[in-house]
Amino acid sequence: VTDGTTVWTYSKANEQVIIDRLQSSDENPLPKDLLFKYSEEYNPHFVAEEKLDGNKAYKLNLVPKDEEAFVTSLQIWVDAKSWLTVKVRQVDINGNVNTYFLRNAQQNVKLEESLFDFQIPPETEVVDLR
């Protein structure tokens with residue numbers, strides 16, 4: 001969650017929240033980076049047509065333009081009807097695998113300001129890096 005200045009990264013499984021200043025890096029990408037950054041830094045290669053959640057999607061492998069990129073392997077699935085990215089799978093140089101599913105996406109929706117102020121759950125470890 002971010003309010004444009006601060007970012008809260010919450011792990012329910014670890015009962016931990018990391019608070020930091022909003023900045024993008026290879027090690028800590030912003031959610032928008034997952035959707036837009038790859039088009040500038042990777043070369044896409046069509047792999048296959050697949051079904052995701054019952055809908056037709058196009059699977060692409062993205063190869064980093066920089067041989068020393070932090071994210072060494074990136075795959076995306078694009079919904080064939082809306083052309084929105086619906087799944088992202090990335091592997092970094094440390095072998096960490098992150099998979100993101102984007103569901104129920106809506107465009108141009110009015111959002112309440114309170115959505116951008118994270119409320120830390122009780123019993124959560126707080127790591128403040130600001």
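None of these values were measured; they are calculated from a predicted model.

Draft legend 1. Seen up close, the overall build of the protein. Per the secondary structure count, the protein includes two helices and eight strands. For the protein, the succession of helices and strands along the chain, N to C, is β-β-α-α-β-β-β-β-β-β. Per-residue burial for the protein yields a buried fraction of 28% across its 130 residues. Carbon and sulfur atoms provide 48% of the accessible area of the protein, an area that totals close to 9,400 Å².

Draft legend 2. Region of the structure containing unusual backbone geometry. At Asn104, a position not held by glycine, the phi torsion is positive, near 55°. Positionally, Asn104 belongs in the loop between β7 (97-101) and β8 (125-128). One non-glycine residue, Glu123, adopts positive backbone phi at about 70°. Relative to the helices and strands, Glu123 is located in the loop between β7 and β8.

Draft legend 3. Seen up close, the confidence of the model for the protein. On average, residues of the protein score 87 in pLDDT, and 89% of them reach the 70 mark or higher. Across the protein, strand β4 (residues 55-64) holds the top mean pLDDT of 95, while helix α1 (residues 31-36) sits lowest at 66.

Draft legend 4. Structural view of the nonpolar core. Residues Tyr38, Tyr42, Leu60, Leu62, Ala69, Phe70, Val71, Leu74, Ile76, Val78 and Val88 constitute the largest nonpolar core, which totals 11 residues. The element best represented in this core is strand β5 (residues 71-79), accounting for four residues. Discounting residues that sit within four places of it in the chain, Val71 has contacts with Tyr42, Pro64, Gln90, Val91 and Asp92.

Draft legend 5. Geometry of the sheet that holds strand β3 (residues 42-52). As summarised here, the arrangement of the five strands in space is β3-β4-β5-β6-β7, forming an open sheet in which the pairing is antiparallel. Looking along the sheet, the strands with just one partner apiece sit at the ends: β3 and β7. For this sheet, the mean angle separating the axes of adjacent strands, direction not counted, is 15°. Alignment of β5 against strand β6 (residues 85-92), held across seven bridges, turns out to be antiparallel. Residue Ile76 lies in a different strand from β6, and its bridge partner there is Val88.

Analysis parameters
Just so you know, the residues in each chain are numbered from 1, in the order the chain's sequence is written. A pLDDT threshold of at least 70 governs which residues receive local features in this predicted model, and a stricter bar of 80 or more applies before side-chain atom pairs are shown or counted, although totals over entire chains, interfaces and linings include all residues. Note that the side-chain values use all heavy atoms of the structure and ignore hydrogens as well as water. Starting at the N terminus, helices and strands are each numbered in turn, a helix being any DSSP run of H or I of at least four residues and a strand any DSSP run of E of at least two. Here the term buried applies to any residue with accessible area under 20% of the maximum for its type, exposed to any over 50%, and partly exposed to those in between, with areas from a 1.4 Å probe on protein chains only. The protein chains shown are the only cover counted for residues, whose accessible areas, like all others here, come from Shrake-Rupley with a 1.4 Å probe. For every residue, the pLDDT score states the predictor's confidence, bounded by 0 at the bottom and 100 at the top. As used here, the term nonpolar core means buried Ala, Val, Leu, Ile, Met, Phe, Trp, Tyr and Cys residues forming a set that is joined through side-chain atoms within 4.5 Å. In this analysis, two residues are considered to be in contact whenever any of their non-hydrogen atoms come within 4.5 Å of each other. A strand pair is defined by DSSP finding two or more bridges across the two strands. For helices, the axis comes from a line fit to the C-alpha atoms of the stretch in contact; other axes are also lines fit to C-alpha atoms, and the angle between any two N-to-C directions lies between 0 and 180 degrees.

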